[in-house]
Amino acid sequence: MTDTSARHHSDDLTISSPHRELLDHVLDKWSLHVLNELCERPCRFNELRRAIPTVTQKSLTATLRRLERSGIVERVVVSSRPVAVEYRITPLGKTLREPVDVLLAWAAQHFDEIERARSDFDAQN
């Protein structure tokens with residue numbers, strides 16, 4: 001992260017309400033699990049449920065719809081008997097892999113430090 005005092009006014013990041021909403025949808029608990037699975041291979045709904053056993057059917061459905069609406073995941077009808085539906089990550093969705101991996105690496109690298117800060121905070125309050 002860059003030192004904010006060294007930033008130029010023209011480089012300011014603006015996190016508007018639509019940006020915040022999109023980030024909330026992409027970085028929420030279930031979306032990260034779904035994206036992780038779909039980056040590996042297309043999956044049917046029940047395959048995703050098995051891969052993410054703690055997600056409810058309702059939460060998974062809502063997550064897939066949000067990601068589909070944002071163009072990050074696509075729902076594809078597979079012509080088979082019976083007809084099946086598969087979820088796939090889109091080219092746009094694939095562009096999320098690198099920034100999400102960077103965030104996860106940061107979290108792993110600083111986890112102990114964050115846990116100490118939380119313990120210190122909790123001990124003082």
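From N to C terminus, the chain includes 6 helices and 3 strands. Counting helices and strands in the order they occur from the N terminus, the chain gives α-α-β-α-α-β-β-α-α. Over its C-alpha trace the chain gives a radius of gyration of 18 Å, far above what one expects of a compact globule, namely 14 Å for 125 residues. Once the C-alpha set of the chain is aligned to its principal axes, its extents read approximately 60 × 40 × 25 Å. The proportion of buried residues among the 125 residues of the chain is 22%. Long-range pairs, those at least 24 residues apart, make up 47% of the contacts in the chain between residues at least 6 apart in sequence.

The next subject is helix 2 (residues 29–40). Residues Trp30, Ser31, Val34, Leu35, Glu37 and Leu38 constitute the buried set of helix 2. Within helix 2, the buried residues cover an arc of 165 degrees as seen down the axis, which keeps them to one side. Counted as exposed and oriented over 90 degrees from the buried face of helix 2: Lys29 and Glu40.

Let us look at the environment of Asn46. Tracing the backbone shows Asn46 in helix 3 (residues 45–51). Take Asn46: its relative accessible area is 48%, and that puts it in the partly exposed class. Counting along the chain gives 14 residues from Asn46 to Leu60, while the straight-line C-alpha distance between them is 10.0 Å.

Per-residue pLDDT for the chain has a mean of 88; in total, 91% of the residues score no lower than 70. Per-residue pLDDT, averaged within each element of the chain, yields its smallest value for helix 1 (residues 17–26) (85) and its largest for helix 4 (residues 57–69) (96).

Further remarks concern the nonpolar core. If you look at the biggest cluster of nonpolar residues, it comprises 17 residues, and the most contacted ones within it are Leu38, Leu64 and Val73. Secondary-structure elements contributing two or more residues to this core are helix 2, helix 3, helix 4 and strand 3 (84–89). Considering every element that reaches this core, the biggest residue donor is helix 2, with 4 residues. In this structure, Val73 is in contact with Leu35, Leu38, Leu64, Leu67, Glu68, Tyr87, Arg88, Ile89 and Thr90, ignoring residues within four places of it in sequence.

Right, let's get into the pattern of salt bridges. Applying the stated criterion across every chain yields a total of 7 salt bridges. Close ionic contact of Arg20 with Asp24 constitutes a salt bridge, the shortest N to O distance being 2.8 Å. Remark: Asp24 and Arg20 occur in helix 1; sequence separation between them is 4 residues, near one turn of the helix. Its relative accessible area of 39% is what places Arg20 among the partly exposed residues.

So, how was this worked out
- Residues numbered from 1 in each chain as written.
- Predicted model: local features only at pLDDT ≥ 70, side-chain atom pairs only at ≥ 80, totals over all residues.
- Heavy atoms only, no water.
- Helix = DSSP H or I, 4+ residues; strand = E, 2+ residues; numbered from the N terminus.
- Rg over C-alpha atoms; globule rule 2.2 N^0.38 Å.
- Buried < 20%, exposed > 50% of the residue type's maximum accessible area, 1.4 Å probe, protein only.
- Contact = heavy atoms within 4.5 Å.
- Arc of directions from axis to C-beta.
- pLDDT = per-residue confidence, 0-100.
- Core = buried A, V, L, I, M, F, W, Y, C linked by side-chain atoms within 4.5 Å.
- Salt bridge = Lys/Arg side-chain N within 4 Å of Asp/Glu carboxyl O.

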